Amino acid sequence: QMFETTDVREPGYAEAEPSGDTVTAAPTTAPAAGLVVCLLGPPVVEGLRKAIRRRGVSRLLYSLALHHAGPVTVEQLRDLAATSDERSEAAETIVSYASILRSSTPDGVLPQIGAGQTGYRLDPDLVDVDVAVFDALTIQAGDLDDSNRIDAALKALSLDRKSDV
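Below is a summary of the structure that appears in this document. (Residues numbered from 1 in each chain as written. Predicted model: local features only at pLDDT ≥ 70, side-chain atom pairs only at ≥ 80, totals over all residues. Heavy atoms only, no water.)

1. Topic: the overall build of the protein
For clarity, the threshold we go by: Under the scheme used here, helices are H or I runs from DSSP no shorter than 4 residues and strands are E runs no shorter than 2 residues, and both carry numbers assigned from the N terminus. Exposed residues in this analysis have more than 50% of their type's maximum accessible area, buried residues have under 20%, and partly exposed residues fall in between, with area computed by a 1.4 Å probe over protein chains only. When checking whether two residues touch, look at their non-hydrogen atoms; a contact exists if any pair is within 4.5 Å. All accessibility values rest on the Shrake-Rupley procedure with a 1.4 Å probe; residue burial counts only the protein chains present in the view.
For the protein, the helix and strand inventory stands at five helices and three strands. Classification of the 165 residues of the protein by burial places 39% in the buried group. Considering only intrachain contacts with a sequence separation of at least 6, the fraction spanning at least 24 residues in the protein is 52%. For the protein, the accessible surface area stands at approximately 8,700 Å², while carbon and sulfur atoms represent 52% of it.

Here's what the structure looks like:
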């Protein structure tokens, strides 16, 4: 299994204690109008309006967060989010999961697919993804001199909530 998910206890925020097929909530701070998705370490989602109780919906959210740089087609999501048993009906399932995800997250986090669009994408103005920050920090580290590169790399590594850095 690619992603672990946890159980929701309080709408609004999530912590990363594995305990089933849904995302766990606990009070933390989230963007005023958005969502925080942390995938470095056990998955954490902050800012949910209501519980995500289906594993496939959690997988969809995590897949979209991992592909933060651009839209992901339904076909790609089918391959990423569906188990082998689910792939035959996965296109319809992805659309259903997207609907559930929209109702669980703040308005605008997962925009509707419009004419000419090729897939789903989390709104980067409303969603903070630790993987995106990590990517940006590692790119930045590559452009620095040796003494500053270590500091930037340590900052990127500190995003992993299990890290001792």
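2. So, the environment of Gly47
Tracing the chain through its elements places Gly47 in the loop between β2 (44-46) and α1 (55-66). The class for Gly47 is buried, based on a relative accessible area of 11%. C-alpha separation for the pair Gly47 and Leu35, spaced twelve residues apart in sequence, amounts to 4.7 Å.

3. Considerations on the nonpolar core
Stated formally: Each nonpolar core is a collection of buried residues, namely Ala, Val, Leu, Ile, Met, Phe, Trp, Tyr and Cys, held together in the definition by side-chain atoms within 4.5 Å.
Ranked by size, the top nonpolar core spans 27 residues in total, and within it Leu61 and Leu64 carry the most contacts. Breaking this core down by element, the ones donating at least two residues are β1 (35-38), α1, α2 (74-81), α3 (90-104) and β3 (127-129). Among the elements that take part in this core, α1 stands out by supplying six residues, more than any other. If sequence neighbours within four positions are ignored, Leu64 has contacts with Val72, Leu77, Leu101, Leu110, Tyr120, Arg121 and Leu122.

4. Some remarks on the sheet that holds β2
Note the cut-off: Two strands make a pair as long as DSSP finds a minimum of two bridges between them. Lines fitted to C-alpha atoms define the axes here, with helix axes fitted over just the stretch in contact, and angles between the N-to-C directions of these axes take values from 0 to 180 degrees.
Read from one edge to the other, the open sheet built from three strands follows the order β2-β1-β3, with strand pairing classed as mixed. At either margin of the open sheet sits one strand with a lone partner, and together these are β2 and β3. Strand-to-strand twist of the sheet, defined as the mean angle between neighbouring strand axes without regard to direction, takes the value 10°. In this structure, β1 lies alongside β2, joined through three bridges in antiparallel fashion. Counterpart to Cys38 in the pairing with β2 is Val44. Relative to β3, helix α4 (residues 130-142) is tilted by about 60°, and along the sheet it contacts β1 and β3.

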